[in-house]
Structure formats: structure tokens, C-alpha cells
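# Fold and contact review
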Amino acid sequence: MHSNIDRRATLGVMLGGLAAGVPSARQVQSDTSVSDGPPGSDRSAMIQSAVDEVKKSLQAGGVTLPTGRITSRVPIVLTGDYHGGVTLQSNGGEIVGGNAPVFKLGDLADPGPEHRLNARIRGINLTGPGKEGTDSAAVAIENTADVFLADGIYRQFRYAVRSTGGLLWDAYNLTLRDSGYGLYATETPDFAPNSINLYSTRIVKCDTAIYTSNNPNGVFSFWGGEIEGNNERGHDRDSKKVVEHENAGSTNYIGAHFESNSGQYNLYFNGADQTKSLMMLGCQVIAGAREQVHVERGRGSFIASRITSGGKAGIVFGVQASGTVIDCEADIGGPGVGNVAALRHGRLAFGANPTSVDPLITATAAAMREARGVAARWQGDTIQLQFCDEAGRINGRLQTSTNDHVLHNANTGGGWIVAAGDHPVVRIGRGGAQAIEGSAPNATLCGTAALPWAGGYTQTAFRVTSDRRVKRDIRPIDERERAVARRCKGLLGAFRLNSEYDRDGNRAVLHYGVIAQDIIAAFEAEGLDALATSIVRHTVWPAQPGDAGVDDEARSDAERGGDLYSVNYEQLYALLISAL
């Protein structure tokens, strides 16, 4: 049987039955065919001779295998430069191999980096002795480039495809099944893979579907295939990685389907460093393993994919991982999830995959820790945030610049509210008034006993509400109270404040006034309680939770908790006037 594998070919070999030998160059015509032989007969030598003859021709050529089953116990070796290329093909024929590669493409001992093999194997089914055959492989790619595998079923090998230093190779419409490894790919001292592409490839019922390692600067891509039913006897804690990319470079899955894979990890990616990437676009991962996708180190990008967890883990990010998740149905987690941004349902979240009921922008505690508490940063001399109504009219704005910072309410009848918890504390510009107000009458303090104000400046005095309508139990000052006033007159003195002395030393200013405890004693001397009046106040405040690792002595009085006595001088002076 002849086939026009490459119409540029002018040389080939026609091999007949078992007695056929390799013809001389004068006998060479078109491409080469290898005929059927007795069942079980080893045809490796005949195939090898036909392949070698194509190489000698220095032109493109091909070898066509019969459609039946033949045996090849010795590897068929293709090395060096096949110039126009060599194609081995069959229309569904089968080769049964032994405990060795059926096809050995390239040579570890002689990589010949100047040569590109330019070899194609298509339409040939390869069957091995079983996954226990330690060196068995359907195809072994060794230190070479330009290999193309297509339209075949490779099964029952230790390695369905083994790439050791395979620099550039592609596979199309393969089924790799019932083997120890569907694909095993790693580097050699001579070659690290630059590009491996698998198109419409199915990997089924293998112990390990894909294993790649030491490909830090290369690209691995899996296009539109299926990885299903692998590691059948596995369980959630068997440490098994059904698909593993170790010390990886750029790794891509486009339109891939994962289903019914058992083990601890469905897909495990460990980049060579934190800049290496795993990308999954339009993929579907049906829960089977304990973790569906694990990114240990590097960047994970997930786009328009469905990764179900089934009560287990969806996408897990390790400590040295980061990622982006866009329009994916997936649970995300892991110690590195704080370095992940996700966009879904028109919402953006950091550290989580947003739902349709989440706010437009969300940042989890994990994400804020990774950002060192900085939620956003805008750089510019003048930056403005605008808040608009549904018609696009500006309701308010927050503006920062090199000079002033502006908080503006565009509604002349509105204002701003500062709240603590669910309760307003301060109102600014309420109803358009140029005023700062408390939340309710006689309810808001300026400063506290723990953190008092340092004073202030006004052009007019403060006004105190004195309307009869807001008072009750009105009476004159009695004799005992006047006696207290006379005692308090003698308590006036001079002093410096500790806080000012600590700051200014002997330059600290003098103050004139009284001591709260002395006022209390003056009231007690007349049988009265100063704390029952508005003149003296004793305030106690609790300690605030401290930061880990901060010594108690380094905390302020307000943080440590404590108490203070204070005096309302306005009320005291009113009492002193009664003694004049």
C-alpha cells in the first residue's frame, strides 16, 4: 500500500513481505510501505530500515504501516536531521511494544542541538506491556525538537509519552490511557522544554495524568482536551497530584475538562518563582480530588471557568501565590488568598470571589493584611472623589490636594454626620448652617478626661443655654453653700501642669486655679457632696486592648486606663460670687 504523505517527496522505499530487503537507491520510488507479516512477528527492523532509507534520501518522505496489529520489541529510533521531514503513519494500525519505547525520537547521548528532527507520527495506535514495564513508553522524545504526534491511542505503558529534553513538540487528537503516566516531561542538561502543546488530547485512567518539571522558561499548553478518571484508587489524603507542574514556567489550560480524578490534588502548580503563571481559560473542573486546583507558588489566572468544589476545596493559593479570578464559578481560599483579586457579577473583591449580593468593591481582612492596611492609593497633585445621584448630578465630593483637603456636600440643605457605631456623634453643616453640632442637646463632649483638649481660640465667648424652659428645681443658694464658697476662696493658687512641664521644662507657663480634691474637702466640711454638683467630676475609663508586643509602659494613660478629677470653673465662679 502506498500513500502520498508529502507530495514534495521524490524518494521512498517499498517493502514487501518478510523476505523483502532494503532496496538500493536505484530501486527507490515514492514513499515507503511496511507490509503485514505473520501475527506476532517483530517488524521493528523493517520499520527502522524504511525510516533510515528516508533519512538517506535527504528529502521529505514517509513510511506507511499496515492497518493490522504488528509487534515491535526493539525501539524504532529517529535521530538527527530529516531535512524535509519524515512521517510515519497508518490508518488505525497498531504496534504492540515491549519494555522499551516503541518510538525513540532523538538521542540523550547525542542531542545534536543544531538539528530539528521534523518527525510526524499519526494514525498509529500503540499498546504496551502494562504500566508495570518500568522503561516502556509509546513515544520517548529525547533532546530534540519539531516532533508532531497525532490521531492515535497510546495505552498500557509506564509512560504513554515521555519527553526528556523535548524542546519543541505538539500532539493532536491523542488518547493516552491505562498507563503509569499519560505525559511525563522534564529537562536535561542540554535541553529544557521551550514549548509543549497538546490539542484535543484525552488522558484517561492513568496513575498520573501529567507530570512536568524543570521547565522554568518554557510554555506548556493543553488545548480543548479531557483529563478524566485518573488515579482511580486514590483518596483525599494520598498526596497524589493527578496533574503536576513542578518548577514550572508558563502553563496554560484552554477549554480543558477535568472529571472523576481522585487524589489530594486535581491540578497542582508550583512555579519556578513567583512570576511564573498558571492560566485556565474556559475550563471545567468537576470536583473529585480534595483540592481541585492548587497554586503553591506563582500567579494563577482563571478566566470564565467553572471549578466546582463539591464540599471540598476549589482553588487554593499558597503563601507564595497570587492571582486573578475573572467570571469564574469557584470557591477560592488558602494562605495566599489575600493576594487574589476576583471579578464576578459586576463586582470586584480582594481575597474572595464576589457574589451577586456583595458590595461593588470588597476587601477581606486577608487582603488588607497583604496590602499593609492601605486600601487604595491615588497619585496626583489634586485628586477628587465624586458622589452623584442617578441623574449624574454631584451630591458631594472628597478632594485632596497639595494645599487643602475638602469634604463638600453639594446639597445646600444638607450636611455631614460623624458617627460612632450606629449613633451620630457630630453633625457638620446641618441644614446648611455654618456650625458643628453634637448629636443631641447636652450629649456631646469636646475632649474627654483621658484625652482633654489643650484649649482653643474664639473671638467671642461661648454661650451657655440658660433658658428657664430647660431648667427645674430652681432655688437660691443656701447658707451652707455660701460657707463652701468662702472656704473655696482661700483655695485659689498657682501651679504648672505636668504635661507642659515635661514638654517645656522651666519655661512651662503658670496656671491659676484650684485643686479638685481640695474643693471636695471644702464641701465635705459643710456636710455637702461636691460630686453631686456640676463643679467637680470624677471620671474613670477602662484600659483599651493593647497591641501584641507593645510594652505597657509605652502605652498612653488613655490606653492603660485610669481616672481623673476635673473642675468646672464657670460653675465654681458662680458659687464664689455668692460669697461676695
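Everything below is about the structure shown above.
It should be emphasised that the depicted structure is a prediction, and the values quoted were computed from it without experimental measurement.

## Considering the overall build of the protein chain
- In terms of regular secondary structure, the protein chain is built from 7 helices and 37 strands.
- With 580 residues in all, the protein chain has 41% of them scored as buried.
- In the protein chain, once contacts between residues fewer than 6 apart in sequence are set aside, the share between residues at least 24 apart is 55%.
- Here the protein chain displays about 31400 Å² of accessible surface, and carbon together with sulfur accounts for 50% of that area.

## Some thoughts on the sheet that holds strand E31 (residues 416–420)
- The strand order across the open sheet built from 3 strands is E31-E32-E33, with neighbouring strands paired in antiparallel fashion. What marks the edges here is a single partner per strand, and that holds for E31 and strand E33 (436–438). Taken pair by pair, the neighbouring strands of this sheet meet at an average axis angle of 25 degrees, ignoring direction.
- Of the strand pairs in this sheet, E31 and strand E32 (residues 423–428) are connected by 5 bridges, and their pairing is antiparallel. Looking at E32, one finds that Ala419 is bridged to Pro424.

## So, the environment of Gly562
- Summarising the element assignment, Gly562 is placed in strand E37 (residues 562–567).
- For Gly562, a relative accessible area of 24% gives the class partly exposed.
- Distance in space between the C-alpha atoms of Gly562 and Val540 is 5.8 Å, their sequence separation being 22 residues.
- Sequence-distant contacts of Gly562, defined by excluding residues within four places in its chain, comprise Thr539, Val540 and Trp541.

## Remarks on the packing of aromatic side chains
- Evaluated as defined, the whole model comprises 13 aromatic pairs.
- With a centroid separation of 5.5 Å and an interplanar angle of 35 degrees, the aromatic rings of Phe222 and Tyr253 are classed as tilted. Of the two residues, Phe222 sits in strand E13 (residues 208–223) while Tyr253 sits in strand E15 (residues 241–254), which places them 31 residues apart along the sequence. In this pair, the class of Phe222 matches that of Tyr253, namely buried.
- Between Phe302 and Phe317, the ring centres sit 6.2 Å apart and the planes meet at 90 degrees, which makes this aromatic pair edge-to-face. In this pair, Phe302 is assigned in strand E20 (residues 291–303) and Phe317 in strand E22 (residues 313–326), connecting sequence segments 15 residues apart. The two residues Phe302 and Phe317 agree in class, both being buried.
- Aromatic ring contacts, followed pair by pair, group Tyr159, Tyr181, Tyr184 and Tyr211 into a single cluster.

## Observations regarding the nonpolar core
- Phe103, Leu149, Tyr154, Tyr253 and Phe302 are the most contacted members of the largest nonpolar core, which totals 72 residues.
- Setting aside residues no more than four positions away along its own chain, Phe302 makes contact with Leu278, Met280, Val293, Val295, Ile307, Ile315, Phe317, Thr324, Val325, Ile326 and Cys328.

## Observations concerning the pattern of salt bridges
- Scanning the entire structure with this criterion turns up 17 salt bridges.
- Notably, a salt bridge pairs Glu526 with Arg487, separated by 2.7 Å at the nearest N-O pair. Of this pair, Glu526 sits in the loop between helix H5 (516–525) and strand E36 (536–541) while Arg487 sits in helix H3 (residues 479–489); the two residues are 39 residues apart in sequence, bridging distant segments of the chain.
- Overlapping salt bridges bring together Lys104, Asp107, Asp135, Glu142 and Arg162 as one network.

## Notes on the pairing of strand E9 (residues 159–177)
- Counted residue by residue, E9 has 15 buried out of 19 residues, so it is predominantly covered.
- Across 15 bridges, strand E8 (residues 137–155) lies against E9 in parallel orientation. Across the sheet, the residue bridging to Val147 is Trp169, located in E9.
- Where E9 lies against strand E10 (residues 181–186), 5 bridges are found, and the strand directions are parallel. By the bridge assignment for E10, Tyr159 is matched with Tyr181.
- Pairing between E9 and strand E11 (residues 195–199): 5 bridges, direction parallel. Across the sheet, residue Leu168 finds its bridge partner in E11, namely Ser195.
- Here E9 runs beside strand E12 (residues 202–204); their pairing, made up of 3 bridges, is parallel. For Thr175, the partnering residue across the bridge sits in E12 and is Arg202.

## Things to note about the packing of H3 against H5
- Where H3 contacts H5, the two axes come as close as 9 Å, and the packing angle between them is 145 degrees. As for the relative orientation of H3 and H5, their crossing is right-handed in sense. Contacts between H3 and H5 involve Val484, Arg487 and Cys488 from the former and Ile519, Ala522, Phe523 and Ala525 from the latter.
- The class makeup of the residues in the contact of H3 with H5 is 6 nonpolar, no polar and 1 charged.

## Re the pairing of strand E18 (residues 277–281)
- Residues of E18 alternate between two faces, with Leu278 and Met280 buried on one and Ser277, Met279 and Leu281 left unburied on the opposite face.
- With 4 bridges joining them, E15 and E18 adopt parallel strand pairing. In the sheet register, Ile254 faces E18, and the bridge partner there is Leu281.
- Pairing of E18 with E20 involves 5 bridges; the strand directions are parallel.

## With respect to the sheet that holds strand E29 (residues 394–401)
- Reading across from one edge, E28-E29-E30 is the order of the 3 strands in this open sheet, with antiparallel pairing throughout. Looking at strand neighbours, the two that pair on one side only are strand E28 (382–388) and strand E30 (405–409), the edges of this open sheet. On average, each strand axis in the sheet is tilted by 10 degrees relative to the strand beside it, whichever way the strands run.

## What about H5?
- Along H5, the residues classified as buried are Ala516, Ile519, Ile520, Ala522 and Phe523. The arc that holds the buried residues of H5, viewed along the axis, is 160 degrees, so those residues lie on one side.
- Tucked into the core, H5 has its buried residues touching H3, E36, E37 and helix H7 (569–577).
- Gly527 sits one or two positions beyond H5 and adopts a positive phi of about 75 degrees.

## Regarding the packing of H3 against H7
- Interaxial distance between H3 and H7 falls to 8 Å at its minimum, and their mutual angle equals 110 degrees. Compared by their axis directions, H3 and H7 come out roughly perpendicular. Only Leu572, Leu575 and Leu576 of H7 make contact with H3, whose side of the interface consists of Glu481, Val484, Ala485, Cys488 and Lys489.
- Among the residues forming the contact of H3 with H7, the class breakdown is 6 nonpolar, no polar and 2 charged.

## Observations regarding a nonpolar patch on the surface
- A cluster of nonpolar side chains, namely Trp378, Leu385, Phe387, Leu398 and Leu407, defines an oily patch on the protein surface of about 490 Å² accessible area.
- Residue position: Phe387 is located in strand E28.
- Residue classification places Phe387 among the partly exposed residues on the basis of a relative accessible area of 42%.

Thresholds applied
- Residues numbered from 1 in each chain as written.
- Predicted model: local features only at pLDDT ≥ 70, side-chain atom pairs only at ≥ 80, totals over all residues.
- Heavy atoms only, no water.
- Helix = DSSP H or I, 4+ residues; strand = E, 2+ residues; numbered from the N terminus.
- Buried < 20%, exposed > 50% of the residue type's maximum accessible area, 1.4 Å probe, protein only.
- Contact = heavy atoms within 4.5 Å.
- Areas by Shrake-Rupley, 256 points an atom, 1.4 Å probe, with all protein chains shown as cover.
- Pairing = 2+ DSSP bridges.
- Axes fitted to C-alpha atoms, helices over the stretch in contact; angles between N-to-C directions.
- Phe/Tyr/Trp six-rings, centres within 6.5 Å; stacked < 30°, edge-to-face > 60°.
- Core = buried A, V, L, I, M, F, W, Y, C linked by side-chain atoms within 4.5 Å.
- Salt bridge = Lys/Arg side-chain N within 4 Å of Asp/Glu carboxyl O.
- Left-handed = near helix turned anticlockwise from the far one by under 90°.
- Nonpolar A, V, L, I, M, F, W, Y, C, P; charged D, E, K, R; others polar.
- Arc of directions from axis to C-beta.
- Parallel < 35°, antiparallel > 145°, perpendicular 65-115°, else oblique.
- Patch = residues over 30% accessible without salt bridge, like charges linked within 9 Å, V, L, I, M, F, W, Y side chains within 5 Å.

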